[in-house]
Structures are given as C-alpha cells and as structure tokens.
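Commentary on secondary and tertiary structure
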Amino acid sequence: MKNYILFSKKMIIITIVATVVIMALLGYIKLNNIVVEREIKESFEIVNEIDRYFDNKIAMANFVTEAVFYRDFLENIGTRESYRMDPDYPKVIEDLNSVRDIDGRILNVFLSSVKLEILITHDEWDTPIDYDIDKREWYIELLKSDGTDISTPYIDAITGEYIITVSKAIYNDEGELLGSLGLDIKVADIGSIISNYTLMDKVVIMDKSGDVILNSLGSDITKVDLARISNSFTGDKFKSLELSGKEYSIHNLDNLGWYLIILSGNSGIFNTDIAFIIIYIMVIFIVALVILYLYRLNKNVVRLSEVEMELSRNLDSTKSLRLKSKGDQYDGLAEILNLYIEKNENVSDSYEEKLNDKDEQINRSISVLTEIESKILESDSLAEMGNIIADIAHEVNTPLGNSIMGVSYIKTEVKNLKNIEPEYLEEAIQNMEKSIEFTETGLKKTAKLIDHFKKVVNSEKYNKKVDFNIKYIIEEVVSELIALYPKLSNYDIDVSCDGDISIYDNPDAYKEIFKNLIENSLIHGYEGKDFGKISVFLTKDNNDLVIIYDDDGNGMDKDISSKVFKPFFSTKRSEGHLGLGMFIVYNIVESRCKGKIICDSHLGSGTEYKIRIPALRD
C-alpha cells in the first residue's frame, strides 16, 4: 500500500508540474496575442491622430485663403521696396499672427508672392535679394499638386529648422498663380502629436524616399528594408513585416507620402511556434503518465475486489478479519479496519471540528476576494472614464479652435471698418459673413457633441416609467424620421409583433434606441442605395423583451462590426458624423436597461441586431 501511495504522489506532482508549465505557456501565448492586438489598435489610433492633425492644418489654410482680401493684396502688391507701405500690410501681419497663435506647433506662417519672389511672414522677416522661390522644395511640390500640398521634410531657409510646409495656392479670377499661404511645422514637434500614446518610444516615421520624419525607436531602417516595405503594399493600408529579425507593424500613409513603422511587442522569451511544440510534447507526456497510472490503478482495483469478497464472508461471523495472504500491501488491511472501528467516533468528532474551521477560513477568503473584486471594478471604471473624457476633450477642441479663429478674424475686420474705403465695404461685409458662418458651424458642431454626450450620461431622463405598446412607439419613431429624412419613405420598414406586447418602462429610452438604429442603417447601411427593407420583429421570452432588428444594406466586415458600439468610432468622420449613435444604443440597452445587444453583420449581406431586455411586467 505504501508503494502505491508513493507512486500516486509522484504521479500527482508530475502531472501538476506539467499542467502548470502548459498553463504558463498558454498564458504567455494569450498575453502575447493581447499585447499584439492592443498595439495594433493603438497604431491605428496614432495614424488617425496624425491624419486629423494635418487635415486640420489644411482646413485652416483653406479657410484663410478663401478671403478675397489676400488675393487682392497679392495682385496689387507694389515693389520689394514699397510693399510694406501698403495700407493693408499691417492687417496681413495681424492675420498671420492670429493663425500662428492657434497652434503652438506652427513654427512660421507666411504669405508668398510669385510677382516679387518674397515671403511675408508673421514676424516680418526680410526676404534676401537672392531668395529664389522657384528653387524651394515646398514651392516645387505645391506646383505639382492640385493647389493644396503637404511637403516632404526640408531645411528651412529662414530658421535653419528641419520642417514640413502645409501650402495652399492663391489664384486670381483668370486662374493665374499669385502666391500661396504656408504653415511651417517643425519635424521635431511631430512627436508631440502622439506623445500621449504608450507606443511613442517604438515609432519610426519615414517618407517614401527614405528621409526620417521621426525616430523615437533609435533603430536604423535600411534602404533594403524600405524597399521591402514599399514592395509589400499593393493597395493595402497596413502590413506586419519582419525586418532584421524583428516584427514591425507598418501603416501606409498615402495622403502624406509616409510610412508609420512600429516595433511590435511579440518578440518575447519564446517564439509562439516553439511554445506550441513544447505544449504538444507535454500533453503526450501527461497522457503517457495517465495511462501508466490507470494501469496501476486497475491492478489495485482487482485486488481490492478480492478483499471486498473476503470481508463480505467474515463481517457477519466475527469482528476479527482474516484475509488470505498474498504477500502484498493488503495483508494488514483487516488490522487497520479493526482499529478504525474502535476510533471511528473520536475521528468523526475531530473531523467535524476541522470542517468548522475550514468553513470559517473559506468565509474569510470569500470576504477578502469580494473586497478585491470591488476595487478592481472601481479601477476599471475610472480608467474607462479617463479614456472617454480624453476623447471628449479631443472632439470638442477642433470645432472650438475653428470658432476662435473665426471670431479673431471678425474682430480684425470690425477694427478696420472705421477706416475702410466705401468701395471695399461690401467685400469686407462678405468676408465677415463667411467668418460668422464658419464660426457658427463650429459652435453648432460643439453643441451637437454636447447634446450627444448628455444622451450618453443622462440616465435621469429615462427614470419616469409608464405602460406603453412597444410597436406603437416604433411606428411613431418611423413617422418622425420620415419627416426628417424624406428619403426614408423609399424604404420598406416592416414592424411585426408576436402578439400585443406592453412594457412598463420609459418610452423615450426605446425611442432613442430605434431612432439611432434606423439612422445608422440609412446613413451607413444604405449608402449608395435608393431602396431597401428594414425588418423589426418583437417577441416575448419568459419575462424578457426580444427585439430582432435587420436591414438588407451594405453590411460591415468583421473589423468594423467589432467596433460598432465603441464611442467616437465612425467610418464617416470626415462627413461630420461623431460616432456616438450606436454607443448611445449600447449604453441604454446594457447599462440603463440591464439588457444585452449583439451585432451580426457581413459585408454585402446586411446587418442584424439582437436585443434582449428584461422589461416585461409579470
């Protein structure tokens, strides 16, 4: 018996050790995959951050150059010696300073004149006589573009800084080039755009000629590596490549002519393939141990069966057990059983006391674990709140910045109204009207953002509960949306109900759910389509309301559908969509109603939302 117990202990220890090793390797692989997924997600966020920054600078240049004032100033400019005497010159300098003050990363703001080959800068820099605009990199690239350009990095003739210029050409009514407005951005400040990301120290940005824009990694990407990167992109925006023995995530920034190269975090202690091989070997080893253990166990079971038969024959006739001797560990079994019978009562009492002690230990452990769990949930909530606050600050900053710029321009124009010539009064008024419209657009966008944020966080709005028919609520939402979107009347919207379903809840919450679902289908699902069908099916399952919402629109691929409920995620951000509609739906269903919503969509095959809410009265 001792030999068998010793063998069993060894088997258990070996099995536990092997299982721990396997679990550690599986944990490593899982952690490695989580790190890679997180880094890829953040790398896409960095790409979007860079795109948004330069899109904002292009929008600034476009807005400023829309003013007829600059065109007339360049067209009627005098000579190199006299242009500063022009009565409009002080206003030009004041405007350029206003633009520069909007963003501290802008090194220089200038207005170029093709006629005089000069640069009029915010700090009134004197253009040298031998300055040749035709030989400047930013000007050469601007001529090749469609009138708006982001230059490749170059050494600035004014400051000697390594910079990038965002340029916007200015033409007269005959289409002749008069000059341009330029915003100089220091290459050294590009890193500040993405300074809040954890991948900041793993980033290399290169243009397609091999010039380094940013290198926080300190790693050299060779010309051979650059050729491999360039050849790997055939219309794709993202690739994973191994360069010089390391894994990199690479984004193709076509609009800037750059590559964003990020060192991946999956170069851990073990290679994933090696880890799987080790797991495979360990599994075979454990299976072999289990087979051996079962063989020994079966042998002992057969012997125990013989002992059981002998016990059955002797228990009725005598307290002393006499088993047939076979020279194994079971010869002493009868003696052990007799001793056990005598001490059974004392052992039972002692065992009961130990059980009570264990119960107390378990209760204390449960209390500690509950406290730890609440702290973890609190920490996760604070972290998520921090992320959402950061997103809100970013989203509100851009329209407010544009509004400030518009107000500054109007302020300048108002000052000049006192001395303006009558023939220029109408033009000045038109310019101020455009600025007012630009400012109003920014403020309306800010107000729209704040209204959406209120819908996300304002749970008190949905506190009042009444009895209502869910089908009537949906039909009411459809009628309101058709008035708002006449195009919606072209679509077949079918609302079917499994019987008459009444709910005791707040009807406004459900209106908000279906309003956002239908708007999402119309704006995204039916883009490019004039007809379609939206089906809404309502049914009861015990005390739950089950809603199946389905459209036959364009559908989504897996990557997009997995992010559809995330705040500020939208495929149409450039068209002014905030990416909060489906987040509001998710927040109402999951947080406010304690329900569940699932999105099932395939590209080209429509989208289905399954919603389950415990909303029905008994």
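Report on the accompanying structure. Please read all numbers here as calculations on a predicted model, not as lab measurements.

With that settled, the discussion passes to the sheet that holds strand β16 (residues 544–551). The mixed open sheet is built from 5 strands, whose spatial order is β13-β15-β16-β18-β17. Two strands bound the open sheet, and with one partner strand each, they are β13 (492–497) and β17 (596–601). The sheet shows a mean angle of 10 degrees between the axes of neighbouring strands, direction not considered. Here β16 pairs with strand β18 (residues 607–613) via 7 bridges, running antiparallel. If you follow Leu 545 over to β18, its bridge partner there is Ile 613.

Right, let's get into the pattern of salt bridges. Using the criterion set out here, one finds 14 salt bridges in the structure. We note a salt bridge from Arg 612 to Asp 544, for which the minimum N-O separation is 3.1 Å. Of this pair, Arg 612 sits in strand β18 while Asp 544 sits in strand β16, and the two are 68 residues apart along the sequence. Looking at Arg 612, the relative accessible area reads 34%, which means it is partly exposed. Across the pair Lys 563 and Asp 559 runs a salt bridge whose closest N-O atoms are separated by 3.6 Å. Its relative accessible area of 24% is what places Lys 563 among the partly exposed residues. Its relative accessible area of 47% is what places Asp 559 among the partly exposed residues. Connected through shared salt-bridge partners, Lys 57, Asp 103 and Arg 105 make up one network.

Counting 53 residues, the largest nonpolar core has Ile 46, Phe 54, Leu 111, Ile 120, Ile 194, Ile 205 and Trp 258 as its most contacted members. A total of 10 residues in this core trace back to one element, the largest contributor, which is helix α1 (residues 2–65). Not counting the four nearest positions on each side in its chain, Ile 205 is found in contact with Ile 50, Ile 190, Asp 211, Val 212, Ile 213, Leu 214, Trp 258, Tyr 259 and Leu 260. Counting 43 residues, the second-largest nonpolar core is a separate cluster that includes Ile 503, Cys 593, Ile 613 and Ala 615.

Here we come to the packing of aromatic side chains. Two measures describe an aromatic ring pair: the distance that separates the ring centres and the angle between the ring planes. A full pass over the atoms with the stated rule returns 12 aromatic pairs. Here a set of aromatic residues connected by ring pairs shows up, and it is made of Tyr 549, Phe 565, Tyr 586 and Tyr 609. Positioned above the aromatic ring of Phe 44, the side-chain terminus of Lys 563 is 5.8 Å from the ring centre.

The next subject is the packing of helix α2 (residues 68–75) against helix α3 (residues 89–102). Orientation of α2 relative to α3, taken along the N-to-C sense of each, is 130 degrees, at an axis distance of 11 Å. On the basis of their axis angle, the class for α2 and α3 is oblique. Crossing angle aside, the handedness with which α2 passes α3 is left-handed. When α2 is examined against α3, the residues Phe 69, Tyr 70 and Phe 73 are found in contact with a partner set consisting of Tyr 89, Lys 91, Val 92 and Asp 95. Here the contact of α2 with α3 is composed, by residue class, of 5 nonpolar, no polar and 2 charged.

Reading guide: rules and limits
Residues numbered from 1 in each chain as written. Predicted model: local features only at pLDDT ≥ 70, side-chain atom pairs only at ≥ 80, totals over all residues. Heavy atoms only, no water. Pairing = 2+ DSSP bridges. Helix = DSSP H or I, 4+ residues; strand = E, 2+ residues; numbered from the N terminus. Axes fitted to C-alpha atoms, helices over the stretch in contact; angles between N-to-C directions. Salt bridge = Lys/Arg side-chain N within 4 Å of Asp/Glu carboxyl O. Buried < 20%, exposed > 50% of the residue type's maximum accessible area, 1.4 Å probe, protein only. Core = buried A, V, L, I, M, F, W, Y, C linked by side-chain atoms within 4.5 Å. Contact = heavy atoms within 4.5 Å. Phe/Tyr/Trp six-rings, centres within 6.5 Å; stacked < 30°, edge-to-face > 60°. Lys NZ or Arg CZ within 6 Å of the ring centre and 35° of its normal. Parallel < 35°, antiparallel > 145°, perpendicular 65-115°, else oblique. Left-handed = near helix turned anticlockwise from the far one by under 90°. Nonpolar A, V, L, I, M, F, W, Y, C, P; charged D, E, K, R; others polar.

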